[in-house]
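Listed below, chain by chain, are the residues.
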Amino acid sequence: MRKYFIAGNWKMHKTVSEATALATELVAELKGGPNKYMIAPTFTSLDAVSKIVKGTNILLGAQNMSTDEQGAHTGEVSPLQLKDLGVQVVILGHSERRHTYKEDDTMINKKVKLALSHGFEVILCVGELLEEREAGKAEAVCEEQTRKGLAGVSADELKKVTIAYEPVWAIGTGKTATPEDADAIHAFIRKVITSMYSASAAEQMIIQYGGSMNAGNAEALLAKENIDGGLIGGAALKAETFKPIALCK
Ligand code: PEP
């Protein structure tokens, strides 16, 4: 039985004091909650939020990570620096990184392997653009991003990987994939994991859905056999909108 993993991606929102206030609220609201939790504030709030979630049932996530440990990489943040701040999970391959900042599968794979080598959990995001879905290529895109993102990742390392299926056309748009459509892609990704690793690895793999998930649609999405949690953007920015998703059973 897979446990739901509910993760909040705060993107480029919140000052340190706002992030601190939300994290404090969530620690109180989610104490004893039934699921696995993570929040990913901006880099600038990681230190403050780390002190708040330390020792609680909420993991600390980073929204991105450099391909390298150190060196001439202006504007990047290294795994060593994230570890220093108590980060436990790294989101990699988010569609905003892929499409706005042009990160390709090779770069994402390098980050995935580096993050795993440093003991982080990884949330690897995959998902198709609207034109790819309309052209009937959703499965092919998700397969390629999954295979390339996980190239060289061992079966043992895979235990620290969560996949987030995030159809790009549903992120921040208010459009959600239907539970049936999302479940079909999740089942397909599980098949890809079976062919890359094993049936038992696929059975254990947590596959989150992401894309305008909210209190109104979370229950129906999470009721699907292959949907094991959510990576949540907009609805993660307030305790009152995140909590109903986080407490789904
Ligand atoms: C996301 O940030 O990964 C996301 C799914 O955003 P939203 O929930 O706002 O669509």
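What counts, and where the lines are drawn
- Residues numbered from 1 in each chain as written.
- Predicted model: local features only at pLDDT ≥ 70, side-chain atom pairs only at ≥ 80, totals over all residues.
- Heavy atoms only, no water.
- Helix = DSSP H or I, 4+ residues; strand = E, 2+ residues; numbered from the N terminus.
- Rg over C-alpha atoms; globule rule 2.2 N^0.38 Å.
- Buried < 20%, exposed > 50% of the residue type's maximum accessible area, 1.4 Å probe, protein only.
- Contact = heavy atoms within 4.5 Å.
- Areas by Shrake-Rupley, 256 points an atom, 1.4 Å probe, with all protein chains shown as cover.
- Lys, Arg positive; Asp, Glu negative; His and termini not counted.
- Charge placed at Lys NZ, Arg CZ, Asp CG, Glu CD.
- Salt bridge = Lys/Arg side-chain N within 4 Å of Asp/Glu carboxyl O.
- Near = heavy atom within 4 Å.
- Polar contact = N/O pair within 3.5 Å; in protein donor to acceptor, adjacent residues only side chain to side chain.
- Nonpolar A, V, L, I, M, F, W, Y, C, P; charged D, E, K, R; others polar.
- Axes fitted to C-alpha atoms, helices over the stretch in contact; angles between N-to-C directions.
- Parallel < 35°, antiparallel > 145°, perpendicular 65-115°, else oblique.

Trainee: So what exactly am I meant to see when it comes to the overall build of the chain here?
Mentor: Looking only at helices and strands, the chain features 12 helices and eight strands. Relative to a compact globule of 249 residues, whose C-alpha radius of gyration would be 18 Å, the chain shows 17 Å and is just as compact. For the chain, the spread of C-alpha atoms along the principal axes amounts to about 45 × 45 × 35 Å. Residues counted as buried form 53% of the 249 residues belonging to the chain. Sequence separation of at least 24 residues holds for 72% of the intrachain contacts in the chain that already meet a minimum separation of 6. On the chain, roughly 11200 Å² of surface is accessible, and the fraction owed to carbon and sulfur atoms is 52%. Here the chain contributes 28 positive and 31 negative side-chain charges, whose respective centroids are spaced 3 Å apart.

Trainee: Looking at this structure, how should I read the pattern of salt bridges?
Mentor: Two side chains carrying opposite charge are able to pair once their charged atoms lie near each other. Within this structure, the stated rule accounts for 16 salt bridges. Of the charged contacts in the structure, one is a salt bridge between Asp-156 and Lys-159, with a shortest N-O distance of 3.2 Å. Judged by its relative accessible area of 54%, Asp-156 falls in the exposed class. The salt bridge involving Glu-180 is made with Lys-224; its shortest N-O contact spans 3.4 Å.

Trainee: Quick question: what am I supposed to make of the site of the ligand here?
Mentor: Within the structure, the ligand sits among 14 residues, and Lys-11, His-94, Glu-166, Gly-172 and Ser-212 are positioned closest to it. Within the backbone of Gly-172, a nitrogen or oxygen atom sits 2.6 Å from an oxygen atom of the ligand. Contacts to the ligand include Gly-233, whose backbone N or O atom sits 2.9 Å from an oxygen atom. Its free accessible area being 290 Å², the ligand has 96% of it covered by the protein chains. Each residue belonging to the shell around the ligand can be placed in one class, and the counts come to four nonpolar, eight polar and two charged.

Trainee: Help me out: how do you make sense of the packing of helix 5 (residues 105-117) against helix 7 (residues 138-149) in this one?
Mentor: In helix packing, the relevant descriptors are the interaxial angle and the interaxial distance, both defined with respect to the helix axes. Between helix 5 and helix 7, whose axes approach to 8 Å, the crossing angle comes to 45°. Taken together, the axes of helix 5 and helix 7 are oblique relative to one another. Two secondary-structure elements touch here, helix 5 through Asp-105, Asn-109 and Val-112 and helix 7 through Glu-144, Gln-145, Lys-148 and Gly-149.

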